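# Per-entry structural report
Chain by chain, the residues:
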Amino acid sequence: MSMQDVIRVEHLSKSFNGLPVIRNLSLSIKRGAVFGLLGANGAGKSTTIECMLGTKKADSGRVTILGKNPWKERKQLFQRVGVQFQEAHYQEKITVQELCEVTQSFYKKTDNYKKLLEQFGIFEKRKNFVSELSGGQRQRLFIVLALIPQPEVVFLDELTTGLDARARRDVWKILTSLKKKGLTIFLTSHFMDEVENLCDGICILRKGQMVFHGTVEDAIASSPFDKFEDTYLWYTEEEMGNEYL
Ligand SMILES: Nc1ncnc2c1ncn2[C@@H]1O[C@H](COP(=O)(O)OP(=O)(O)OP(=O)(O)O)[C@@H](O)[C@H]1O
């Protein structure tokens, strides 16, 4: 672990009703890196993110983001951190533009949301209610909301779920250019082509336990396969017997 670590997780654990969901998870991420947290449905990805941010309470462990403890210095820290949840919470009757403006009002320093809506191809939807957007359009809006504070770190849960092929490529391009400017990105994804394209480092979770931490290349090299998707499936299903068959 070094001074350059923008995110540091040490021995994080969390149980629900006595059932462990995250087991002694430790990882660190450097500035400007794209980090992918991978794992099957229910592996514990969203819970990990929520415990890191403090929206769920971890049972034990320590988290540092930009040198601060998000559980204690939440308000200061979140001026510098963007978050895209799988399902954002917003009131029923609010337009895209209003939601962007409300989001902007939470932050001291912000990016131009109209430019972001344009970049993400939903500018023409700005006067529509959020509830009128298609699934993919709403997903793109949630990424825009995460980027409005011009964050130094962004958490993107299920980055491009529901996006069409074009929109996914566009999102990758935008994130790659933000990364070049120093943005640190923590994402979860079920798409291994996306992970190969974007991630400098990955962690594979199986039932809340880290089964691999390193680069995509190292993961492939450590498995009997030469395709990353095969490697990923091998790591997530190994020793699971026929539970999923
Ligand atoms: N509030 C809760 N109470 C009880 N169990 C929970 C709660 N939240 C999550 N879990 C359980 O914790 C486990 C991990 O869930 P989590 O949402 O973190 O998985 P995930 O890896 O993000 O999955 P997905 O890919 O489906 O989004 C699941 O078994 C889930 O049922």
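These numbers come from a predicted model, not from an experiment. (Residues numbered from 1 in each chain as written. Predicted model: local features only at pLDDT ≥ 70, side-chain atom pairs only at ≥ 80, totals over all residues.)

### Topic: the overall build of the chain
Counting its secondary structure elements, the chain contains nine helices and nine strands. The C-alpha radius of gyration of the chain comes to 18 Å, within 12% of the 18 Å expected for a compact globule of 245 residues. Considering only residue pairs separated by 6 or more positions, the chain has 67% of its internal contacts joining residues 24 or more positions apart. (Helix = DSSP H or I, 4+ residues; strand = E, 2+ residues; numbered from the N terminus. Rg over C-alpha atoms; globule rule 2.2 N^0.38 Å. Contact = placed C-beta atoms within 7 Å.)

### Some thoughts on the nonpolar core
By size, the foremost hydrophobic cluster in this structure holds 63 residues, and its most contacted members are Val144 and Ile185. The biggest single contributor to this core is helix H5 (residues 135–147), with seven residues. (Core = buried A, V, L, I, M, F, W, Y, C linked by C-beta atoms within 7 Å. Buried ≥ 20, exposed ≤ 12 C-beta atoms within 10 Å, placed from the backbone.)

### What to know about the environment of Phe35
Relative to the helices and strands, Phe35 resides in strand S3 (residues 34–39). Phe35 has contacts with Ile29, Ile185, Phe186, Cys199, Asp200 and Gly201, leaving out every residue within four places of it along the chain.

### With respect to the site of the ligand
Around the ligand, the surrounding shell consists of Phe16, Val21, Gly39, Asn41, Gly42, Ala43, Gly44, Lys45, Ser46 and Thr47. The residue inventory of the shell around the ligand, partitioned by class, reads three nonpolar, six polar and one charged. (Near = placed C-beta within 6 Å. Nonpolar A, V, L, I, M, F, W, Y, C, P; charged D, E, K, R; others polar.)

### Observations regarding unusual backbone geometry
A positive phi is found at Asn17, a non-glycine position, where the angle reads about 50°. Judged by local crowding, Asn17 falls into the exposed class, with 5 C-beta atoms found within 10 Å. Here Glu158, not a glycine, exhibits a phi torsion of approximately 55°, which is positive. Along the chain, Glu158 turns up in the loop between strand S6 (153–156) and helix H6 (165–180). Take Glu158: there are 19 C-beta atoms within 10 Å of it, and that puts it in the partly exposed class.

### Observations concerning the sheet that holds strand S1 (residues 5–16)
Picture the strands of a sheet paired through backbone hydrogen bonds; they go either parallel or antiparallel. Sheet architecture is open: three strands sit in the order S2-S1-S4, paired in antiparallel fashion. Looking at strand neighbours, the two that pair on one side only are strand S2 (19–30) and strand S4 (60–65), the edges of this open sheet. Neighbouring strand axes in the sheet, compared pairwise and without regard to direction, differ in orientation by 15° on average. Where S1 and S4 come together, five bridges link them in antiparallel fashion. Within the sheet, the bridge partner assigned to Ile7 lies in S4 and is Ile65. (Pairing = 2+ DSSP bridges. Axes fitted to C-alpha atoms, helices over the stretch in contact; angles between N-to-C directions.)

### Some remarks on the sheet that holds strand S8 (residues 201–206)
Taken in spatial order, the six strands of this open sheet run S5-S6-S7-S3-S8-S9, and their pairing is mixed. The open sheet has two free edges, formed respectively by strand S5 (81–84) and strand S9 (209–214), since each of these has just one partner strand. Shown here is a sheet whose adjacent strand axes are inclined to one another by a mean of 15°, direction ignored. Looking at chain direction, S3 and S8 are connected through five bridges and run parallel. What sits directly across from Gly39, in S8, is Leu205. Strand contacts of helix H1 (residues 45–53): S3, S5, S6, strand S7 (184–188) and S8, with the helix running at about 130° to S3, the strand carrying the most contacts. Packing against the sheet, helix H9 (residues 228–237) makes contact with S3, S8 and S9, and its axis sits at approximately 35° to S8.

### Quick word on the confidence of the model for the chain
Averaged over every residue, the pLDDT of the chain is 91; the share at 70 or more is 93%. Across residues 240–245, where pLDDT falls below 50, the model places one contact with residues more than four positions away in sequence or in other chains. For this predicted complex, the interface score ipTM comes out at 0.96, alongside a pTM of 0.92. (pLDDT = per-residue confidence, 0-100.)

### Topic: the environment of Lys45
Looking at where Lys45 falls in the secondary structure, it is placed in helix H1. Residue classification places Lys45 among the buried positions, given that 25 C-beta atoms sit within 10 Å. The sequence separation of Lys45 and Leu156 amounts to 111 residues, and the corresponding C-alpha distance is 11 Å. Apart from the residues within four sequence positions on either side, Lys45 is in contact with Leu37, Gly39, Thr188 and Leu205.

### A look at H5
Owing to its 3.6 residues per turn, the α-helix brings residues three or four apart onto one side. Over its 13 residues, H5 extends 19 Å from the first C-alpha to the last, a length consistent with the 18 Å expected when each residue adds 1.5 Å. Of all the residues in H5, the buried ones are Gln139, Arg140, Leu141, Phe142, Ile143, Val144, Leu145, Ala146 and Leu147. Looking at the packing, one finds that the buried side of H5 touches S5, helix H3 (96–105), helix H4 (113–119), S6 and H6. (Expected span 1.5 Å × (residues − 1).)

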